[in-house]
Amino acid sequence: MSSSKSGRRSRPFPAAVFLALSAAALTSCSDGGGTALDGAGRGSDLVGYEHTQVGKEYWVTMPEMSNHSGKPLTVLSAEIAHVPAGLRVTGYRVVSAGAGGHVIGVLPVGVTDDNARPHKGSSIQIKAHDSSDLYYEARVRVTGAVHSDLTNCRYEYRQGSTTYHEDIGCDTRIRLGKPLDG
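Residues numbered from 1 in each chain as written. Predicted model: local features only at pLDDT ≥ 70, side-chain atom pairs only at ≥ 80, totals over all residues. Heavy atoms only, no water.

Colleague: Break down the nonpolar core for me, with residues and values.
Modeller: Counting 31 residues, the largest nonpolar core has Leu37, Met65, Val75, Ile124, Tyr136 and Tyr155 as the members making the most contacts within it. The dominant element in this core, judged by the number of residues it contributes, is strand β14 (residues 134-142), at 5 residues. (Core = buried A, V, L, I, M, F, W, Y, C linked by side-chain atoms within 4.5 Å. Buried < 20%, exposed > 50% of the residue type's maximum accessible area, 1.4 Å probe, protein only. Helix = DSSP H or I, 4+ residues; strand = E, 2+ residues; numbered from the N terminus.)

What follows is the structure in structure tokens.
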């Protein structure tokens, strides 16, 4: 588990749901974009799940967001910028972390996390020097064999009257494998 700047703790999905934690998630800007966001949810971890099946869909969590600037901001949208062959993103949603904290991992669609709750709306407001209790999840369909990772979470946000784009490193490894029982 990792701790965000606000003291909340990230909580991973149950051990059977994710495979490993290992690689990098770094904050960076794209296209000369903004620098206010910070990805606090993943630390320096790669999340993986090697039990996917062709034709099935999975929720992939995106990093918890922190605003390390002195001004509030509104995150307008999020996307995973690099989606490898064998995967297709079919949608995004905003989820409330609830009392259990920000979950990290891959969860088959239809399996529920008792603490996370879908949030109405697609934007997220974050106060200055604060972390959000809300985060994005991508709904991903497996279409074939997957040989590289989902990477680079791209956020669009407004601060004042200016709209920015910022990338937060995020890596999720999804591979075909024997389905988990239960």
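Picking up after the structure, the text goes on.
Colleague: An account of the environment of valine 47 is needed here, citing residue identities and associated values.
Modeller: Residue placement: valine 47 occurs in strand β4 (residues 46-52). Valine 47 sits in the buried class, given a relative accessible area of 0%. For valine 47 and isoleucine 104, which are 57 residues apart along the polypeptide, the C-alpha to C-alpha distance reads 7.4 Å.

Colleague: Outline the state of the cysteines, supporting the account with residue identities and numerical values.
Modeller: Disulfides are covalent bonds that connect the sulfur atoms of two cysteines. Applying the stated criterion to the full structure yields 1 disulfide. Each disulfide pairs two cysteine sulfurs, and for cysteine 153 the partner residue is cysteine 170, the sulfurs being separated by 1.9 Å. Because the sign of the S-S torsion sets the handedness, a value of about 100° for the bond joining cysteine 153 and cysteine 170 places this disulfide among the right-handed ones. Here cysteine 153, found in strand β15 (residues 150-159), pairs with cysteine 170, found in strand β16 (residues 162-176); they are 17 residues apart in sequence, far enough to count as distant. Each member of the pair, cysteine 153 as well as cysteine 170, carries the same accessibility label: buried. (Disulfide = S-S within 2.5 Å.)

Everything listed here is a matter of geometry and, on its own, says nothing about what the molecule does.
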